[in-house]
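# Observations on chain architecture
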Amino acid sequence: MGILGIGRVGAVLARLCRAAGLEVTAASSTDDPSAACAADVVLLAIPLGRYRTLPRDLLRGRLVVDAMNYWWELDGARPDLDDPTTSTSETVAAFLDGARVVKALGHASVWELENLGRPAGDPDRRGLAIAGDDARDRAAVAALVDALGFDPVDAGPLAAGVAFEPPTEIFGSDATAAELREMLDRFPRSQRGRVVARARGEA
Ligand SMILES: NC(=O)c1ccc[n+]([C@@H]2O[C@H](COP(=O)([O-])OP(=O)(O)OC[C@H]3O[C@@H](n4cnc5c(N)ncnc54)[C@H](OP(=O)(O)O)[C@@H]3O)[C@@H](O)[C@H]2O)c1
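A short tour of the structure in this document, coming up. (Residues numbered from 1 in each chain as written. Predicted model: local features only at pLDDT ≥ 70, side-chain atom pairs only at ≥ 80, totals over all residues. Heavy atoms only, no water.)

Turning our eyes to something else, we now look at unusual backbone geometry. Of note, the amide linkage connecting Pro166 to Pro167 takes the cis form, showing an omega dihedral of -5°. Its place among the elements puts Pro167 in the loop between strand E7 (151-156) and helix H8 (177-186). Even without being glycine, Asp174 reaches a positive phi, approximately 60°. Counting through the fold element by element, Asp174 comes out in the loop between E7 and H8. (Helix = DSSP H or I, 4+ residues; strand = E, 2+ residues; numbered from the N terminus.)

What follows is the structure, encoded as structure tokens:
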């Protein structure tokens, strides 16, 4: 596992990955990202507003997990990242030309990630949604989510990641996998879902 960004989320996910037996190489903004980008899976845990500082050439062809969200307190006002016609992970994927981007691990808080992981089969195990355009890449990230102590919920293509960005019912919801599936099903009827559908010409 390679991790770009060792702030709150990056540090917690590094600990969880190591606890799950994965070898982790992390890079901060001042480190050479080459080693982290050479890992089998590269996790993005930097402020989304800085996605254009990501090492695009090193990430080409890589399986990249986007855990980033548009958060105006951190990113400032960025209408380009709040555009309902595209999920933020699609924006990141368009910049990271050739990377295999999967959106995951971003709708839970650091506290949930650190404290609510449970073994498979535990009735209180939380669910975490996954979106990506390649089914094999989604399956690989689902295995990672499972190894970290959460039930993966396949939400479909990268565009579907808009259903678990802020502001949505799922974001910060602390839900089981079954509850998460119900929230995904009713997203199109939610306020944000209607805004997205209108912007995408689907309503
Ligand atoms: N906080 C949460 O509960 C939570 C939960 C899930 C997802 N997220 C998302 O995860 C992302 C990170 O959040 P955070 O709370 O961990 O932020 P944070 O504590 O501010 O950490 C971000 C880190 O990324 C580093 N960084 C910036 N550009 C970089 C680059 N090009 N390469 C490597 N490192 C870089 C920063 O380093 P410098 O300080 O040197 O700039 C900083 O250490 C955000 O998009 C956030 O929305 C947050």
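The next point concerns the pairing of strand E5 (residues 100-103). Of the pairings in the sheet, the one linking strand E4 (residues 63-66) to E5 comprises four bridges and is parallel in character. The partner of Leu63 across the bridge, within E5, is Arg100. For E5 and strand E6 (residues 127-132), the ladder comprises two bridges, and the chain directions are antiparallel. In the strand pairing of E6, Lys103 is matched with Ala131. (Pairing = 2+ DSSP bridges.)

Turning our attention to the site of the ligand. Taken together, 21 residues form the shell around the ligand, and within it Arg8, Val9, Ser29, Arg50 and Thr53 come nearest. Arg8 places a side-chain nitrogen or oxygen 3.0 Å from an oxygen atom of the ligand. One nitrogen or oxygen atom from the main chain of Val110 is found 3.1 Å from an oxygen atom belonging to the ligand. The protein chains hide 78% of the 900 Å² of surface that the ligand would expose on its own. Across the shell around the ligand, the residue classes tally to 11 nonpolar, eight polar and two charged. (Near = heavy atom within 4 Å. Polar contact = N/O pair within 3.5 Å; in protein donor to acceptor, adjacent residues only side chain to side chain. Areas by Shrake-Rupley, 256 points an atom, 1.4 Å probe, with all protein chains shown as cover. Nonpolar A, V, L, I, M, F, W, Y, C, P; charged D, E, K, R; others polar.)

A sheet is described by the order of its strands in space; here seven strands give the open sequence E2-E1-E3-E4-E5-E6-E7, paired in mixed fashion. Two strands bound the open sheet, and with one partner strand each, they are strand E2 (25-27) and E7. In this sheet, neighbouring strand axes are inclined to one another by 25° on average, regardless of whether the strands run parallel or antiparallel. The pairing of E6 with E7 spans five bridges and is parallel. By the bridge assignment for E7, Ala131 is matched with Gly156. Where helix H5 (residues 88-95) meets the sheet, it contacts strand E3 (41-44), E4 and E5, and its direction lies at approximately 165° from that of E5. Of the strands in this sheet, E4, E5, E6 and E7 touch helix H7 (residues 135-147), which is tilted by about 160° from E6. (Axes fitted to C-alpha atoms, helices over the stretch in contact; angles between N-to-C directions. Contact = heavy atoms within 4.5 Å.)

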